[in-house]
Amino acid sequence: MRNTKDFFRCAGLALALFAYLTLFFGAEDEWSIAAYVLLGVGGVIALVSFGALPAIERLIQANERACQALMIAGTLGIIAVFREDHYTLFLLGTIFVYSAAVLGINVQLGYAGVINFSGASFFGIGGYTAAVFLQNTPAPPLLTLLLGGIFSAVIGSILLFPVLRTSGHYSALVTMAFALLLKVFLEVSEWLGGPQGLALPSLKFLGIDFAEDLVIMGNEYSFYVKYDLACLLLLIMTFTFAQRIERSWMGLAMDAVRIDETAAACFGISVTRWKITAFTMGNFVIGVAGALYSMMLSYINPSNFTFSDSLLFLSILLLGGIGSLWGVIAATAFMVVIPEKFQIIQEYRYLIYSAMVLMMIVFRPSGLLPRKPRRYIAGGPL
Amino acid sequence: MRFGGLTALDRLDLDIDEGDILGLVGPNGSGKTTFFNVVTGIYRPTGGQVVFDGWDITGFSPQAIFEAGISRTFQRSRLCLELSIFDNIMLGNFKTRDLGICGNIFRRRAFHKTCAEEIEKAVELIRLLNPALVGSIHRPVADLSMIDRRRIEICRALIGKPKLLFLDEPSAGMTHDETNQLMDEILSMKSDERRLTIVLIEHEMGIIGKVTTRCAVLNFGEKLCDGTYRSIVGNPLVQEAYLGREVTEDEV
């Protein structure tokens, strides 16, 4: 934190952002939602045309820690505002979990350039692992979260051999084949419930049952508040993890592998090692996110983890900006909330997603919030 | 070294002594870059042997060869354009700073310290070549001019303290004056580091004459001759390879 003036500027920005988000989440009828969307778009256009964006960017970069703290505080504020609204809280939890999963894909594709068209499959593997362990063993739910990640990473390593042997479109095809294969397997496997899927007991931790309503001083609040806090914690951990990977020699090695494999190999960087590392780490994160999401849903079936969900993950990454961590969160919020808020467009949502991704590729290929040059130390020189 | 039916390098027998600057010349397609690629492990030779520092390194992976102490630049600049100057230089020094997952992600304070040390080292090296770049080492390489990109590439090849350095046509894409300037910088750096051996591919004979201690001439993947610059320039075989042969009256 450079000085208090900067802090108040950051706080002002955060306040404006979260006030807007609160109004947006609270809006019920379609006309007011449309008005808020227009207001948001207009606000961004105004900021861009007044040239305020670079100044804001500098401010945020110079006061990174404070801004991150403000973002967390603002998110907690939103959760507190909607403490009785199951539906909005569930949406928030979905945003947090999806963001965490896409951050995993970001480590794979954004850093090391390993394309993964089976993100939703690994998300599902995490969920099914948690379900199986919770149903059949006395394993504590927190441990099953970890197991979800581990199983997802281990099953992902089956894919490693064909993915490393091939490159570009071919390795993309390998992961697509895996996604389809896994869905069919889940549908026919009786042990895993077939098309009906499995029910999950709720998350329990330190004697707190996450499926019971939250009671504070005699007032009852939605049980989703607890899940939201758990999901937010997962997102913060994943974010820190991904950011630290980027700001380390690991991130540098992964970038080198993505940009030019031959040159990387000539400077002693093992292409295979870093691709394996990125793929496994990404799958682990996706698996943990999937396990937590299934517990929140308390019920999973194969249609939660289809190929179109994998495409959704990749679209979010493209929309937010490949490699950009804040971009991922912003784009996830957008992609999750817009179709939920506009019930009319529900049916056309994949049409709208693909149109948006196409427009993005044509007009702003680096994404909504493009990745910045690497800084190894927060608030360091640029 | 063969590619299908094409023999790119054939019976090339080349000795390089420690501390030498060897110029590698030859017409286009004579196998100069292929030679680099074979020695640095990008291509696996179909026959023959590469011996470095008493070790047989034939068919080793590029990583292993880099670790043995051979570094290079590329004919067409292969910097990572979107990464910063510091990042690009750091790539050449990556192995010495391999901290593992724990050192990279969890022990951040220690990481910040090593990071500061590495920045110090990179700055020292850049200062030798172009002090003007020191202030902008966190800018992307894409913003730089061609000569500065070459300088960064040379820094990247040198920061890992190699024993043998391959320079693949460092003058490509630069003006005559820039090339001369770059060569002077390389020579002054070489005078600090006497044991460094350099192999240089170059088309401009003036530079070859000025810089190298020995030269080898390739043609169609074979060595025509080697020796000092003077001896090869006077060699009729070399003149024939470059300019063609004078036609005698009998043949007409």
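In this text, all values refer to a predicted model and were calculated from it rather than measured experimentally.

1. A short note on empty space enclosed by the protein
- For the structure on display, the rule yields two cavities of 30 Å³ or more.
- Reported here for the largest cavity is a volume of approximately 50 Å³.
- Around the largest cavity, the lining residues are A:Phe334, A:Met335, A:Ile338, A:Pro339, A:Ile345, A:Arg349, A:Ile352, A:Tyr353 and A:Met356.
- The set of elements that each furnish at least two residues to the lining of the largest cavity consists of helix H14 (325-341) and helix H15 (349-363) of chain A.
- Empty space within the second largest cavity amounts to approximately 40 Å³.
- Residue lining of the second largest cavity: A:Cys266, B:Thr40, B:Pro62, B:Ile65, B:Phe66, B:Ile70, B:Ser71 and B:Arg72, and that is the complete set.
- Elements that contribute at least two residues to the lining of the second largest cavity include exactly helix H2 (62-68) and strand E6 (70-72) of chain B.

2. Regarding the domain arrangement of chain A
Residue and element names in this part refer to chain A.
- What the domain assignment reports for chain A is domain 1 (1-81) and domain 2 (87-363).
- Just the C-alpha atoms count here: the centres of domain 1 and domain 2 sit 26 Å apart.
- Buried surface at the junction of domain 1 and domain 2, both sides included, amounts to about 1,500 Å², of which 77% is carbon and sulfur.
- The largest share of the area that domain 1 buries against domain 2 comes from Phe25, Glu30 and Ile79, three residues that together contribute 43% of it.
- Inspection of the region where domain 1 meets domain 2 yields one salt bridge.
- Taking the shortest distance from any N to any O, the salt bridge between arginine 247 and glutamate 64 comes out at 2.9 Å.
- Between domain 1 and domain 2 we count one residue pair in polar contact (both at pLDDT 80 or more) in total.
- Residue assignment for the side of domain 1 that touches domain 2 shows that the elements contributing at least two residues are helix H1 (4-26), helix H2 (30-49) and helix H4 (64-81).

3. A word on the sheet that holds strand E3 (residues 21-25) of chain B
Residue and element names in this part refer to chain B.
- Strand order in the open sheet formed by six strands is E6-E7-E8-E3-E9-E10, with mixed pairing between adjacent strands. Edge positions in the sheet fall to E6 and strand E10 (222-227), since each of these pairs with one other strand and no more. Averaged over all adjacent pairs, the angle separating strand axes in this sheet is 20 degrees, with direction ignored.
- Two elements, E3 and strand E8 (residues 197-201), share four bridges in a ladder whose sense is parallel. Looking across to E8, one finds that leucine 24 is bridged to isoleucine 201.
- Of the strands in this sheet, E6 and strand E7 (164-168) are in contact with helix H6 (residues 146-158), which crosses E7 at around 160 degrees.
- Across the sheet, helix H7 (residues 176-192) is in contact with E3, E7 and E8; its angle to E8 comes to roughly 165 degrees.

4. A look at the packing of aromatic side chains
- What the rule picks out here adds up to 26 aromatic pairs over all chains.
- Between A:Trp249 and B:Phe86, the aromatic rings sit 6.3 Å apart at their centres with planes inclined by 55 degrees, giving tilted as the arrangement. You can see A:Trp249 sitting in helix H10 (residues 249-259) and its partner B:Phe86 sitting in helix H3 (residues 85-91), one on each of two chains. With respect to class, A:Trp249 is no different from B:Phe86; both count as buried.
- Members of the aromatic cluster, connected to one another through ring pairs, are A:Tyr98, A:Phe123, A:Tyr128, A:Tyr293, A:Phe305 and A:Phe313.

5. Some thoughts on the interface of chain B and chain A
- The interface is formed by 37 residues belonging to chain B together with 31 residues belonging to chain A.
- A combined buried area of about 3,200 Å² lies between chain B and chain A, and 70% of that area is made up of carbon and sulfur atoms.
- The largest per-residue losses of area from chain B upon contact with chain A belong to B:Phe94, B:Ile105 and B:His138, which jointly make up 20% of the total buried on that side.
- Taken together, chain B and chain A are joined by three salt bridges.
- Of the charged contacts in the structure, one is a salt bridge between A:Asp260 and B:Arg78, with a shortest N-O distance of 2.7 Å.
- Secondary structure elements with two or more residues in the side of chain B that touches chain A: H2, E6, H3, helix H4 (100-106), helix H5 (108-129) and H6 of chain B.
- At six residues, H5(B) tops the list of elements feeding residues into the side of chain B that touches chain A.

Analysis parameters
Residues numbered from 1 in each chain as written. Chains lettered and ligands numbered in written order. Predicted model: local features only at pLDDT ≥ 70, side-chain atom pairs only at ≥ 80, totals over all residues. Heavy atoms only, no water. 1 Å grid on protein atoms, 1.4 Å probe; cavity = no way out; pocket = protein on both sides within 12 Å on 5 of 7 lines; lining within 4 Å. Points joined across faces, edges and corners; volume = space filled by probe spheres on them. Helix = DSSP H or I, 4+ residues; strand = E, 2+ residues; numbered from the N terminus. Domains from an automatic or database assignment. Buried area = accessible area lost by both parts, 1.4 Å probe. Salt bridge = Lys/Arg side-chain N within 4 Å of Asp/Glu carboxyl O. Polar contact = N/O pair within 3.5 Å; in protein donor to acceptor, adjacent residues only side chain to side chain. Pairing = 2+ DSSP bridges. Axes fitted to C-alpha atoms, helices over the stretch in contact; angles between N-to-C directions. Contact = heavy atoms within 4.5 Å. Phe/Tyr/Trp six-rings, centres within 6.5 Å; stacked < 30°, edge-to-face > 60°. Buried < 20%, exposed > 50% of the residue type's maximum accessible area, 1.4 Å probe, protein only.

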